[in-house]
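Letter by letter, the chains look like this.
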2 protein chains.
Amino acid sequence: MFNIAVAQSGGPTAAINSSLTGVFREAAKTSGIDCIFGSINGIEGAINDNFINLRKILTSDCDCELLKKTPSTILGSCRYKLKNYAEDSSDYEKIASVFRSHNIKAFFYIGGNDSMDTVMKLDSYFKEVELDIKVIGIPKTIDNDVMNTDHTPGFGSAAKYVATTMQEIIRDSRVYSIPSVTIVEIMGRNAGWLTASSCVLHANGESAPHLIYLPESKFSAERFLEDIKNAQKKYRAVIAAVSEGVLCNDKQYNTASGVIDAFGHKYLSGIGKYLESMVLESVGCKVRSIELNVMQRCSSHIASLTDITEAENIGAAGVRAAMNGESGVMMVFRRISNNPYRVEILSSDISAVANHEKTFPTEWINGNGNNVTIDALNYFLPLIRGEPEIEYKNGIPVHFRLDQ
Amino acid sequence: MFNIAVAQSGGPTAAINSSLTGVFREAAKTSGIDCIFGSINGIEGAINDNFINLRKILTSDCDCELLKKTPSTILGSCRYKLKNYAEDSSDYEKIASVFRSHNIKAFFYIGGNDSMDTVMKLDSYFKEVELDIKVIGIPKTIDNDVMNTDHTPGFGSAAKYVATTMQEIIRDSRVYSIPSVTIVEIMGRNAGWLTASSCVLHANGESAPHLIYLPESKFSAERFLEDIKNAQKKYRAVIAAVSEGVLCNDKQYNTASGVIDAFGHKYLSGIGKYLESMVLESVGCKVRSIELNVMQRCSSHIASLTDITEAENIGAAGVRAAMNGESGVMMVFRRISNNPYRVEILSSDISAVANHEKTFPTEWINGNGNNVTIDALNYFLPLIRGEPEIEYKNGIPVHFRLDQ
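Rules used in this analysis
- Residues numbered from 1 in each chain as written.
- Chains lettered and ligands numbered in written order.
- Predicted model: local features only at pLDDT ≥ 70, side-chain atom pairs only at ≥ 80, totals over all residues.
- Heavy atoms only, no water.
- pLDDT = per-residue confidence, 0-100.
- Contact = heavy atoms within 4.5 Å.
- Buried area = accessible area lost by both parts, 1.4 Å probe.
- Salt bridge = Lys/Arg side-chain N within 4 Å of Asp/Glu carboxyl O.
- Least-squares fit on C-alpha atoms with pLDDT ≥ 70 in both.
- Helix = DSSP H or I, 4+ residues; strand = E, 2+ residues; numbered from the N terminus.
- Pairing = 2+ DSSP bridges.
- Axes fitted to C-alpha atoms, helices over the stretch in contact; angles between N-to-C directions.
- Core = buried A, V, L, I, M, F, W, Y, C linked by side-chain atoms within 4.5 Å.
- Buried < 20%, exposed > 50% of the residue type's maximum accessible area, 1.4 Å probe, protein only.
- Right-handed = clockwise from strand over helix to strand, strands pointing away.

**Describing the confidence of the model for chain A**
- When pLDDT is averaged along chain A, the result is 94; 94% of the residues meet or exceed 70.
- Reported confidence for the predicted complex is 0.95 by ipTM and 0.96 by pTM.

**Digging into the interface of chain A and chain B**
- Tallying the contact residues gives 78 residues for chain A and 78 residues for chain B.
- Together, the buried faces of chain A and chain B total about 6800 Å²; carbon and sulfur atoms form 52% of this surface.
- On inspection of chain A and its partner chain B, the count reaches four salt bridges.
- Put simply, R297 of chain B and D172 of chain A hold a salt bridge, and the shortest N to O gap is 2.7 Å.

**Concerning the relation of the copies chain A and chain B**
- The operation relating chain A to chain B is a screw motion whose rotation component is 180 degrees, with 0.0 Å of axial translation and a residual RMSD of 0.0 Å. Such a turn and shift between the copies fits a two-fold axis.
- Interface residue correspondence from chain A to chain B reaches 100%, placing this contact among same-surface, isologous pairings.

**Some points on the environment of Y392 of chain B**
- Counting through the fold element by element, Y392 of chain B comes out in strand β16 (residues 392-393).
- Look past the residues within four positions of Y392 of chain B in its chain and what remains in contact with it is K160, I302 and E387 of chain A together with P397 and V398 of chain B.

**With respect to the sheet that holds strand β2 (residues 33-39) of chain B**
Residues and elements named next belong to chain B.
- Strand order in this open sheet of seven strands is β3-β2-β1-β4-β5-β14-β15, and the pairing throughout is mixed. Of all strands in the sheet, those bounded by a partner on one side alone are β3 (51-53) and β15 (341-349). For this sheet, the mean inter-axis angle between neighbouring strands, taken without regard to orientation, is 30 degrees.
- In the packing of helix α1 (residues 16-28) onto the sheet, contacts are made with β1 (2-8), β2, β4 (104-111) and β5 (134-139), and the angle to β1 comes to roughly 175 degrees.
- Along the sheet, helix α12 (residues 305-323) contacts β1, β2, β4, β5, β14 (329-338) and β15; its crossing angle with β5, the most-contacted strand, is approximately 165 degrees.

**Details of the nonpolar core**
- Counting 86 residues, the largest nonpolar core has L292, F360 and F380 of chain A together with L292, F360 and F380 of chain B as its most contacted members.
- Aside from chain neighbours lying at most four places away, what touches F360 of chain A is G192, W193, A196, L214, E216, I365, V372, A376 and F380 of chain A.

**Some thoughts on the pairing of strand β5 (residues 134-139) of chain A**
All names here are of chain A.
- Most of β5 sits inside the fold, with six of its six residues counted as buried.
- Where strand β4 (residues 104-111) meets β5, six bridges bridge the pair, whose relative direction is parallel. Of the residues in β5, the one forming a bridge with F107 is V135.
- The parallel pair β4 and β5 is bridged by helix α6 (residues 113-128), and the resulting crossover is right-handed.
- In the sheet, β5 pairs with strand β14 (residues 329-338) via two bridges, with the strands oriented parallel. Considered in β14, the bridge of G137 is made with M330.

**Overview of unusual backbone geometry**
- Going from N339 of chain A to P340 of chain A, the amide bond is cis rather than trans, its omega being 5 degrees.
- Of note, the amide linkage connecting A208 of chain B to P209 of chain B takes the cis form, showing an omega dihedral of -5 degrees.
- Look at D49 of chain A: it is not a glycine, yet its phi comes out positive at around 55 degrees.
- Residue placement: D49 of chain A occurs in the loop between α2 (43-47) and β3 (51-53).
- The partly exposed category is assigned to D49 of chain A, whose relative accessible area is 40%.
- Phi is positive for N144 of chain B, close to 60 degrees, though the residue is something other than glycine.
- Considering the arrangement of structural elements, one finds N144 of chain B in the loop between β5 and α7 (155-173).

This is the structure:
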């Protein structure tokens, strides 16, 4: 008998707990595996010997089903980056010591690009010091920017939230008889996948969003205003989806840089607010910017069933890969067909994934750089399908909780 | 045989189309009523003779069910205020002429406080000129600030959205091991009902929101910072719900006044951003402000079934009141009991309602002015119960649409 450990890292998603459930359920039915440890706050828990016994926390199938539908990370997260062990091996030695003391033979790290760096380094270290501990990466991120996988768990649910909310914003924006512009700012610093996914509304006959701007396409304030004015010739209520990572005249307007007001106070505003003030000054019509903020990464109440199911499956596949002797890999989706939608789960060498970023294909951006193509639409549609059954108490979705 | 007309006015909600459905369905089965006209853009449609025949639009029970779950106003809205007819009767004469030409004998106006002013004036005018046209007000507003009714249609759905989203924000805020403050700005210029309703999470064992600030209670920046620091002694991730209408040191920070940056650009920011910058400067921890923006008034995908059902019922009751000869009234809810939750629908004289505002009871605010009492919790809970069944196409909720 031996033990395993699993941890969650990076920014929250609606599906990261589903991948944890997948790891747990598969491990729980694998002969040979005794304790299934959850590492608190990502790799920090492994360094500091801070684990919980998941078999004591997840005691029923109901617990597992509820956890799958609970957003964010039940084990907490971290942004901790391991140093190269050639320079400083102290963290590695601590982890090795902790894993040895708990007889942990496999470690599963659910995270994005940065977290795969940890998987790569840890696997490499264990091989170097000849410790037989398997290290497996399970991808997750709403940004969908991980290499070698068709898409990432967490993305489908974020995209479903964005589309659902955008459609409600469209209804809201059409209520008055006057012209208006609505700018919806969507997450994605370097990759425009989530912003681009708002195009799925076109499949249901919506003309909006009329304009879609991604960081992968050069953006200019002047062209943006031209686009708005052109769209206004056709639509009373113009809706533009703008990625937070869009560089406006080569300058990034993000919540970290902010705006200093006349009193010296710093206002942390993004590109949406900036473009809003520009439209107000140059076009003069009713204008509003809306930041979808953290809601787009944690809205489990409108999660994609496809996403939540796949997130569990890829977690489970990670356990099987480790049991088959794999290590230093990240589990990936390969899309077999679109209609019917089918994927298979494979593993990819971690070095091809860690520290890389998969941006939105420029061939899926239209010539004007202000919308996306039908190929993008067809790629996105299967990922947002289906709705998990939500349990409510007092009219509010029930979450699985460890703390208060 | 005679005809009737119905219109929608004021800001969007998730339930205003359900009240329209209630008027339509009740009228459609009332003998004597022939055409059921929908007035486009509120009272403007009545002035400009801009109607649609709802029997041609809503041709099946499926249409009606879908309309009930579609947010915003299918007929469009307006903010048009009628002048006193003693000063200028031209609008009234136009409306009377239009109604006479279409044999319209009853007019139903679905709206908030301002719209009830239109109901009052119109009813008064028709009585003055001895025109037998019934005028009935059907309340709606997410602000819940209408007099003489236990609550308003639209409020329960907004409150359910706020609670659901707030809970997801709570999960998101607890992910890292560092202290943080999250400020959630919620609609309500003068009345704090919607912000206060976030307390429903306490019924499900959440400690958050830890602080709740309403316009009905005096607010000071200094006390707010004290409250934050005190809450931080107990909670790593502090969550504060703040009404957009809170006056900070007697000054209103709303999206209309805004902030001028160093380049002279105007940024339209509310109280949330202002408090965020204050916490950043004075406390120095991770801080984020989140504006729930228009989503809180149009999120039909997480509507309250109680709200949607009551909205239809109160619309239908309006038609019955008119058929019984009532006019110059607004339909109201009276709560009979909380457990089991039961309401009855009555009518209230319009003069007691129009141009008044029902603010949140100060006796439901705690002594420190930073939270609400258990009486408030018990008032809110029944209003957010139940979930309408949502129809999806391509993974996105289906809306009833007239235009593109």
